[in-house]
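Coordinate inspection notes
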Amino acid sequence: MSNYDPPAFRIPAGFGPLPSGAAPEGRARSDGPWSETQSLGGRTELSDPVTQIVADRDAYLGGARNDVGRRIADDQVELFVAGDAAASLQREFEQHSPEFLAVHDLGTSASLRLLGSLAGAASARVQRLMIRRQGHGVALSVLQFVEVPLADGTLVRVYSTDLNADPTTRQALARTLLAFSRLGVLLVGERSGAATVAGLAPLREGIVRGPWPNRELLLVPLGAGSPALAAQGNQLSAGSSVTVHVSPPATKPRQIWSFVGGTWNRLHGRPGGERSLETDIARAVPRAGVPRSEALTMPMELQMPPPPSQAGPPTATLPAASPPASLPPFSLAFSAIAPRPMPQPGATPWQAYADRCAQIKGSVACCVFDLHSLRVLAAAAGPPPAERLSAQGAALLAAAADAARALGLGSGHPEVTLSLGAHHLLLRAVPGHPGVGLHLVLAAGTGNPTLARMQLERIDLPH
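To start, this report covers the structure provided alongside it. (Residues numbered from 1 in each chain as written. Predicted model: local features only at pLDDT ≥ 70, side-chain atom pairs only at ≥ 80, totals over all residues. Heavy atoms only, no water.)

**Describing the packing of helix α2 (residues 85-96) against helix α4 (residues 167-180)**
Contact pair α2 / α4: the axes reach a minimum separation of 9 Å and the direction vectors enclose 15°. Taken together, α2 and α4 sit at an angle that is classed as roughly parallel. For the pair α2 and α4, the crossing hand works out as right-handed. Residues A85, A86, L89, Q90, F93 and E94 of α2 lie in contact with α4, whose contacting residues are T169, A172, L173, T176, L177 and F180. Each residue belonging to the contact of α2 with α4 can be placed in one class, and the counts come to 8 nonpolar, 3 polar and 1 charged. (Axes fitted to C-alpha atoms, helices over the stretch in contact; angles between N-to-C directions. Helix = DSSP H or I, 4+ residues; strand = E, 2+ residues; numbered from the N terminus. Parallel < 35°, antiparallel > 145°, perpendicular 65-115°, else oblique. Left-handed = near helix turned anticlockwise from the far one by under 90°. Contact = heavy atoms within 4.5 Å. Nonpolar A, V, L, I, M, F, W, Y, C, P; charged D, E, K, R; others polar.)

**A few points about unusual backbone geometry**
The residue after G210, namely P211, is reached through a cis peptide bond having omega -5°. Summarising the element assignment, P211 is placed in the loop between α5 (193-209) and β8 (216-221). At S123, a residue that is not glycine, the phi angle is positive and equals roughly 55°. Note on placement: S123 falls in the loop between α3 (111-121) and β4 (127-133).

**A few points about the side chain of N214**
Following the sequence through the fold, N214 ends up in the loop between α5 and β8. In this structure the side chain of N214 is engaged in a polar contact, spanning 3.5 Å, whose partner is the side chain of S181. What N214 contacts, discounting residues up to four positions off in sequence, is L178, A179, S181, R182, L183, G184 and V242. (Polar contact = N/O pair within 3.5 Å; in protein donor to acceptor, adjacent residues only side chain to side chain.)

**Regarding the nonpolar core**
Core analysis: the biggest nonpolar cluster contains 44 residues, and V146, V148, L187, V220, I256, W257 and V260 have the highest contact counts within it. Contacts of V220, omitting those with residues within four sequence positions, involve V185, L186, L187, V188, S247, A250 and I256. (Core = buried A, V, L, I, M, F, W, Y, C linked by side-chain atoms within 4.5 Å. Buried < 20%, exposed > 50% of the residue type's maximum accessible area, 1.4 Å probe, protein only.)

**Observations concerning the pattern of salt bridges**
In this structure the tally under the stated criterion is 17 salt bridges. Residue R157 pairs with D67 through a salt bridge whose shortest N-O separation is 3.4 Å. Here R157 is found in strand β6 (residues 155-164), whereas its partner D67 is found in the loop between α1 (57-61) and β1 (70-73), with 90 residues between them in sequence. By relative accessible area, R157 is classed as buried at 3%. Taking relative accessible area as the criterion, D67 reaches 11% and is therefore assigned buried. Of the charged contacts in the structure, one is a salt bridge between R132 and D402, with a shortest N-O distance of 3.4 Å. In this pair, R132 is assigned in strand β4 and D402 in helix α9 (residues 386-406), connecting sequence segments 270 residues apart. Residue R132 shares its accessibility class with D402, and that shared class is buried. Connected through shared salt-bridge partners, D67, R71, E147 and R157 make up one network. (Salt bridge = Lys/Arg side-chain N within 4 Å of Asp/Glu carboxyl O.)

Have a look at this one:
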């Protein structure tokens, strides 16, 4: 039996140099450098290219990034896991060691509002990391984040721990995000000292039990703050290598971000250095470029060919024909037309529309919001608070769209009706207003989702 050597797998040239002194397969090694134009047996480099095996798909595509998840859209990142969501996310953090910030709520719901303000200042979108079970389309959890550039251009994610998952998974993922962040931010609402201690207890347990690579926590009191917060922060880090910083009270997202950015710059990069963050929330996220479909185009001048060379053969010249008298002379000078402005959902008065929707029988709360930045455009009645209706409404609509794509049913604007024990949720994109969503909460005892949908169709939309 003869020995058989299987052929080597070959990738075309351009994926990397050969080892020093090596010659391409099938060519003799020479003493000097091998010339790309040298041929052997009539075969040139064009027909017999240099090959090299590439083992990593990211290296082949040139899209490797030291971050978590694979990007599938401008505002969506996807991560498939085989086991528990929190444990799988922890393994990703341990493998890639990304730099990120985690913002956690204690007695408030301000973290998503901070992300919305960061993205909204640059007309950008709050992005989503969807953790999915391997082989299934439904997301186990949806994390929201904004990418903020450092001075050297490196993108750092700012995650909110107010995520979409079941209670056990939500608590485990929040602890994982805080434990592996470079800076964990705790937004503390106006609450009693006992409530604050109870909210800090799970974090204290996570720090003691470990693993907890994060060494920096920042407590940001909202409103008037509590004089005992510094002492509670010391109890949180007692006996560990974690340092707890306490900022002055903040009432607005721009103040919160100023304290967060200032703390990051003191810890990880001096102000103005390569690793520093922009502390002004209006400039923290760069504005998105103009899409190609919206870019302004200008007419180009007609380039006439050069006259023929006198040295060439003589050519016959025909007299120029004058245009018919009935036709106007043709002109190549076009006036520049101003581009049509992009739609601005926030510029539309939505409060009257929200008030009319809240008058539907059984209505408990109504919220009109921007699907991209999660900014609340108008709200009526409640609770739940408008910020939470906006965040969860956008997450549910996105999950419905993802499920439709996974099932091969195409994409579009989904409309979701979700029935709970005591309430019905109606979610839909507002017709004729791209990027605007409606979240309506009905009491199950008095509200009827079918009738409510019919009444929504009769309500006049704002112009």
